[in-house]
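Single-letter residue listing:
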Amino acid sequence: MTVATDVILIGDCIERLKSLPDRSVDLIFADPPYNLQLGGDLLRPDNSKVDAVDDEWDQFESFAAYDAFTREWLAECRRVLKDEGTIWVIGSYHNIFRLGVAVQDLGFWVLNDIIWRKSNPMPNFKGTRFTNAHETLIWAAKGRGQTRYTFNYDALKAFNEDVQMRSDWTLALCTGEERLKDEAGKKAHPTQKPEALLHRILLAASRPGDVVLDPFFGSGTTGAVARKMGRRWIGIERDETYARLAQKRIDKVKPLNPEDLTVMGSKRAEPRVPFGALVEAGLLRPGDRLFCPKGEREARVRADGSLAYGEITGSIHKVGALLENAPACNGWTYWRFKSDQGLKPIDHLRAEIRAGMQ
């Protein structure tokens, strides 16, 4: 069943979630109420008041009430999430541990926790605690047995100057021109997230055309970044003022050109090629010799796609592991064949087969 996208659904989060079809969204980003439990005004050293989160939507009677609310909206999110989808939930120390328990109890499977380290955090004015300089994101699959989900590993590595992306991200708070202001010139929403944060999340865990749901839409950062990056989006927001603000913001966004949104492919997404296919295609012949990286050992290719090294026989991976006395071995990068340019990994031959498939 299809779902209407690029819309803001105004109303109660849980009731609006119930109106969405089962398995209809690819990715969820949820920034729920923090339930800050503030004990009075927070003042700067000059006695000026800090503009903290004290809105009615962030207040609950008790932890039990907050937990019940959390489990209800998370259960609906799990229902509308596709079987290969994932969810991101963000929170501060006030609520992230309660969110984490609910996420696991409801059957989600945690893939990572991400630390968003704020490069410009608000100081602790009273000097009674450490400066609260980070928030935590939980990234979870729909279930424990889920082996397929979108993770654009190679794209993130390229984004990070060819270094594997870590689980600690240093990004600035939303400030300057990006911060939305009301008519009085004050910040329009107290917890507006930076677009850089959503950019990285969507780059990591979605593809162009995917449907991204934000059940606590607020100022519309998720929708703005989704529109820019060629994703479809659904926002749920109970405050009509915030909804109007978000829609106005999103309407100004210019989507990127489709050709600029192509995500680098991953080897995991490439078609599987068994070693025997190289023999069938004539790229290797029974009796040919393959060599270890240093060329000191050689194994013989057999007609059934196995290798023989003396009395040792088996797959390219098994024989390589036995020779190296290792628990595992990637035979594609371990074994070499002779070429005019010297020894080359047999992975080059696999690439030829894949090129033919495409």
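To be clear, the structure that these remarks concern was listed above.
Let me begin by describing the structure that accompanies this report. (Residues numbered from 1 in each chain as written. Predicted model: local features only at pLDDT ≥ 70, side-chain atom pairs only at ≥ 80, totals over all residues. Heavy atoms only, no water.)

### Considerations on the overall build of the protein chain
Okay, so step 1: Along the backbone of the protein chain there are eleven helices and 14 strands.
Okay, so step 2: For 358 residues, the compact-globule estimate of 2.2 N^0.38 gives 21 Å, and the protein chain exceeds it by more than 25% at 26 Å.
Okay, so step 3: Here the C-alpha coordinates of the protein chain stretch approximately 80 × 50 × 40 Å along the principal axes.
Okay, so step 4: Residue burial in the protein chain is summarised as follows: out of 358 residues, 44% are buried.
Okay, so step 5: For the protein chain, long-range pairs separated by at least 24 residues make up 67% of all intrachain contacts whose partners lie at least 6 apart in sequence.
Okay, so step 6: Accessible surface, the protein chain: about 19,700 Å² in total, of which carbon and sulfur atoms supply 48%.
Okay, so step 7: Here the protein chain contributes 51 positively and 50 negatively charged side chains, and the mean placements of these two sets differ by 4 Å. (Helix = DSSP H or I, 4+ residues; strand = E, 2+ residues; numbered from the N terminus. Rg over C-alpha atoms; globule rule 2.2 N^0.38 Å. Buried < 20%, exposed > 50% of the residue type's maximum accessible area, 1.4 Å probe, protein only. Contact = heavy atoms within 4.5 Å. Areas by Shrake-Rupley, 256 points an atom, 1.4 Å probe, with all protein chains shown as cover. Lys, Arg positive; Asp, Glu negative; His and termini not counted. Charge placed at Lys NZ, Arg CZ, Asp CG, Glu CD.)

### Points about the nonpolar core
Okay, so step 1: Within the largest apolar cluster, 33 residues are counted, with the highest numbers of intra-cluster contacts made by Trp88, Leu137, Trp169, Leu197 and Ile201.
Okay, so step 2: If near-sequence neighbours (up to four positions away) are discounted, Trp169 is found in contact with Trp88, Ile114, Ile115, Trp116, Arg117, Leu197, Arg200 and Ile201.
Okay, so step 3: One finds Ile14, Cys77, Val103 and Val211 within the second-largest nonpolar core, a separate group that totals 30 residues. (Core = buried A, V, L, I, M, F, W, Y, C linked by side-chain atoms within 4.5 Å.)

### What to know about the pattern of salt bridges
Okay, so step 1: Overall, the coordinates contain 19 salt bridges when judged by the stated rule.
Okay, so step 2: Between Lys193 and Asp31 there is a salt bridge whose closest N-O contact spans 2.8 Å. Taken together, the residues span a long stretch of sequence, with Lys193 in the loop between strand 6 (168-171) and helix 5 (195-205) and Asp31 in the loop between strand 2 (25-30) and helix 2 (63-80) at a distance of 162 residues. Here the two residues Lys193 and Asp31 agree in accessibility, since each one is buried.
Okay, so step 3: Each of Glu15, Lys18 and Glu72 takes part in one network of salt bridges that share partners. (Salt bridge = Lys/Arg side-chain N within 4 Å of Asp/Glu carboxyl O.)

### Considerations on helix 5
Okay, so step 1: Within helix 5, eight of the eleven residues are buried, which leaves the element mostly enclosed by the surrounding structure.
Okay, so step 2: Among the residues making up helix 5, those that are buried are Leu197, Leu198, Arg200, Ile201, Leu202, Leu203, Ala204 and Ala205.

### Quick word on the pairing of strand 8 (residues 232-237)
Okay, so step 1: Most of strand 8 sits out of view: five of its six residues are buried.
Okay, so step 2: By the bridge criterion, four bridges tie strand 1 (residues 7-10) to strand 8 in an arrangement that is parallel. Considered in strand 8, the bridge of Leu9 is made with Ile236.
Okay, so step 3: In this structure, strand 7 (residues 211-214) lies alongside strand 8, joined through four bridges in parallel fashion. Each residue of the ladder has a partner; that of Asp214, found in strand 8, is Gly235. (Pairing = 2+ DSSP bridges.)

### Observations concerning the environment of Leu198
Okay, so step 1: Along the chain, the position of Leu198 falls in helix 5.
Okay, so step 2: The spatial distance from the C-alpha of Leu198 to the C-alpha of Ala64 is 30 Å, given a sequence separation of 134 residues.

### With respect to the side chain of Ser306
Okay, so step 1: Relative to the elements of secondary structure, Ser306 occurs in the loop between strand 10 (298-301) and strand 11 (307-309).
Okay, so step 2: Here Ser306 falls in the buried class, since its relative accessible area comes to 9%.
Okay, so step 3: A distance of 2.9 Å separates a polar atom in the side chain of Ser306 from a polar atom in the side chain of Arg302.
Okay, so step 4: Within polar-contact distance, the side chain of Ser306 engages the side chain of Asp304 at 2.6 Å.
Okay, so step 5: Once you skip the residues sitting within four places of it in the chain, Ser306 turns out to touch Arg300, Val301 and Gly314. (Polar contact = N/O pair within 3.5 Å; in protein donor to acceptor, adjacent residues only side chain to side chain.)

### Quick notes on the side chain of Arg200
Okay, so step 1: Mapped onto the secondary structure, Arg200 falls in helix 5.
Okay, so step 2: The buried charged residue Arg200 lacks any salt bridge, with Asp168 as its nearest oppositely charged partner at 7.8 Å.
Okay, so step 3: Excluding residues that lie within four positions of it along the chain, Arg200 makes contacts with Leu156, Phe159, Met165, Trp169 and Leu171.

### Some words on the pairing of strand 6
Okay, so step 1: Of the two faces of strand 6, the one holding Trp169 and Leu171 is buried and the one holding Asp168 and Thr170 is not buried anywhere.
Okay, so step 2: Here four bridges tie strand 4 (residues 109-118) to strand 6, and the two strands are oriented parallel to one another. Its bridge partner lying in strand 6, Ile115 is registered against Asp168.

### Observations regarding the packing of aromatic side chains
Okay, so step 1: Under the counting rule described, the total for this entry stands at twelve aromatic pairs.
Okay, so step 2: Ring-pair connections join several aromatic residues into one group, and the members of that group are Trp88, Trp139, Tyr149, Phe151, Tyr153 and Trp169.
Okay, so step 3: One Lys or Arg, Arg78, reaches over the ring of Phe108 and ends 5.9 Å from the middle of that ring.
Okay, so step 4: Sitting above the plane of the Trp116 ring, Lys118 keeps its charged end 5.2 Å from the centroid. (Phe/Tyr/Trp six-rings, centres within 6.5 Å; stacked < 30°, edge-to-face > 60°. Lys NZ or Arg CZ within 6 Å of the ring centre and 35° of its normal.)

### What about the sheet that holds strand 3 (residues 81-91)?
Okay, so step 1: Pairing in this open sheet of eight strands is mixed, and the strands run 1-8-7-2-3-5-4-6 from one edge to the other. Only two strands of the sheet have a single partner each, and these edge strands are strand 1 and strand 6. Neighbour-to-neighbour, the strand axes of this sheet turn through a mean angle of 20°, independent of strand direction.
Okay, so step 2: Pairing geometry for strand 3 and strand 5 (residues 134-141), over six bridges, is antiparallel. By the bridge assignment, Ile90 is partnered in strand 5 with Leu137.
Okay, so step 3: Against the sheet, helix 5 engages strand 2, strand 3, strand 4, strand 5, strand 6 and strand 7, with an angle of about 145° to strand 6. (Axes fitted to C-alpha atoms, helices over the stretch in contact; angles between N-to-C directions.)

Worth remembering: the numbers are spatial, not functional.
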